[in-house]
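Now for the letters of each chain:
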Amino acid sequence: MERKLVVGIDVGKEQYAVSLFDGERFRDFSVPSSPEELLRRITPYLPGKMSSVLFVMEATGVYHLKLALFLKERGYPVSVVNPFVVKKYAEMLQKRAKTDPVDARILAQFGFFASPPPFVPKDKKAYLLEEIQKTIEDYQKRRTEILNHLEALHHHPFPHPRLQKLYEEELQRIEETLRTLEKEAEDLALQYASREYRLLLSIPGVGKRLACAILGILSPLTRFARSKELASFLGLAPQIDQSGKRKERAWLSKRGNPFLRKLLFLSALSASRFNEQCRMLYERLLSRGKPKKVALIAVANKLLRQIFAILRSGIPYDPHYLERKRSFAFQGT
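Heads up: these notes are all about the structure in this document. Nothing here was measured: the structure is a model prediction, and the numbers come from that model.

Turning to the packing of helix α5 (residues 124-155) against helix α6 (residues 161-201), a few remarks are in order. Put simply, α5 and α6 touch, their axes get as near as 9 Å, and they point 160° apart. Considered as vectors, α5 and α6 are oriented roughly antiparallel to each other. Judged by the twist between their axes, the crossing of α5 over α6 is left-handed. Looking at side-chain class alone, the contact of α5 with α6 contains 20 nonpolar, seven polar and eight charged residues.

This is the structure:
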């Protein structure tokens, strides 16, 4: 359906920069960061039918989420777009200024002419799983810092016994918190998607942290038609640079979710040893002289394809699945 009005919103911590665009003219607002206040201010300018308006905002960590869910719950069409896409759109328009009102206008214009896909909210448990995983990551960083301090004290010529005790007590509290959070994440994953969680754990190299993060961040997986789309979303898709006679080179885009990409790369270390298909790929690439990091990235992509295929098929990991499938196909001919 053709939109009569698009509302572009640059979401800030303290205020929203808002721009209403009907295809010809803009109407700009500055509103405190309150979804209720935003809707109150712009309601007089909205068309009668909710389907005739579209709210567009960038994905900005958690700052956009409250507003997007608020509008979606009230029946308004919402699109949450990738900041990289909007940046390229602004470059195409030759916009050099970078201010909140300008960004809001670009979002409104982009929404009107590009018709971005609708925002699909995740289940509440998926949001909670994602938040718990990021909190675990934060506490693990704190644990590493304290272990480094303790190591430094151990090598100090005049170690302060009181300081060492303080660090050890803090380390104990962090360890207890991590155990609690990990148990909470596992319980939540079993409540939210027990079948998918167990399918993920059947893959050698996929541990509880990665399984919980996938269920929290990538839910619902049905929004990805192919594993290549998933790799691109996580920033694991190679970018090719080649022109004329210049030698082709490739690198990772590193766009997408850096947290999940890091977990996947760490899991690739384990998969390169214990996952038969990933191990064979890793050893083959090393035998060809590829650097270990390049081989591990290939393993991460392989692991991601396994995750995608197993969640789509509902069949637990089987290292000989393809061989059996080919055998059955051969017997049927």
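Of all seven residues making up strand β1 (residues 5-11), seven are buried, and the element is well covered by its neighbours. With burial as the criterion, each face of β1 is covered, one bearing Leu 5, Val 7, Ile 9 and Val 11 and the other bearing Val 6, Gly 8 and Asp 10. Pairing between β1 and strand β4 (residues 53-58): five bridges, direction parallel. Residue Val 6 lies in a different strand from β4, and its bridge partner there is Leu 54. Sheet topology places β1 next to strand β2 (residues 15-21); six bridges connect them, and they run antiparallel. Paired with Asp 10 across the strands is Ala 17, a residue of β2. Between β1 and the antiparallel strand that follows it, β2, lie three residues.

Between its first and last C-alpha, helix α10 (residues 276-287) extends 16 Å over 12 residues, near the 16 Å set by a 1.5 Å rise per residue. Three or more residues of α10 are buried, namely Cys 278, Leu 281, Tyr 282 and Leu 285. One side of α10 holds all its buried residues, which, seen down the axis, span an arc of 100°. Its buried side turned inward, α10 meets α9 (258-274) and α11 (292-313). Positioned one or two residues after α10, Gly 289 has a phi angle of 90°, which is positive.

Definitions and cut-offs
- Residues numbered from 1 in each chain as written.
- Predicted model: local features only at pLDDT ≥ 70, side-chain atom pairs only at ≥ 80, totals over all residues.
- Heavy atoms only, no water.
- Axes fitted to C-alpha atoms, helices over the stretch in contact; angles between N-to-C directions.
- Helix = DSSP H or I, 4+ residues; strand = E, 2+ residues; numbered from the N terminus.
- Parallel < 35°, antiparallel > 145°, perpendicular 65-115°, else oblique.
- Left-handed = near helix turned anticlockwise from the far one by under 90°.
- Nonpolar A, V, L, I, M, F, W, Y, C, P; charged D, E, K, R; others polar.
- Buried < 20%, exposed > 50% of the residue type's maximum accessible area, 1.4 Å probe, protein only.
- Pairing = 2+ DSSP bridges.
- Expected span 1.5 Å × (residues − 1).
- Arc of directions from axis to C-beta.
- Contact = heavy atoms within 4.5 Å.

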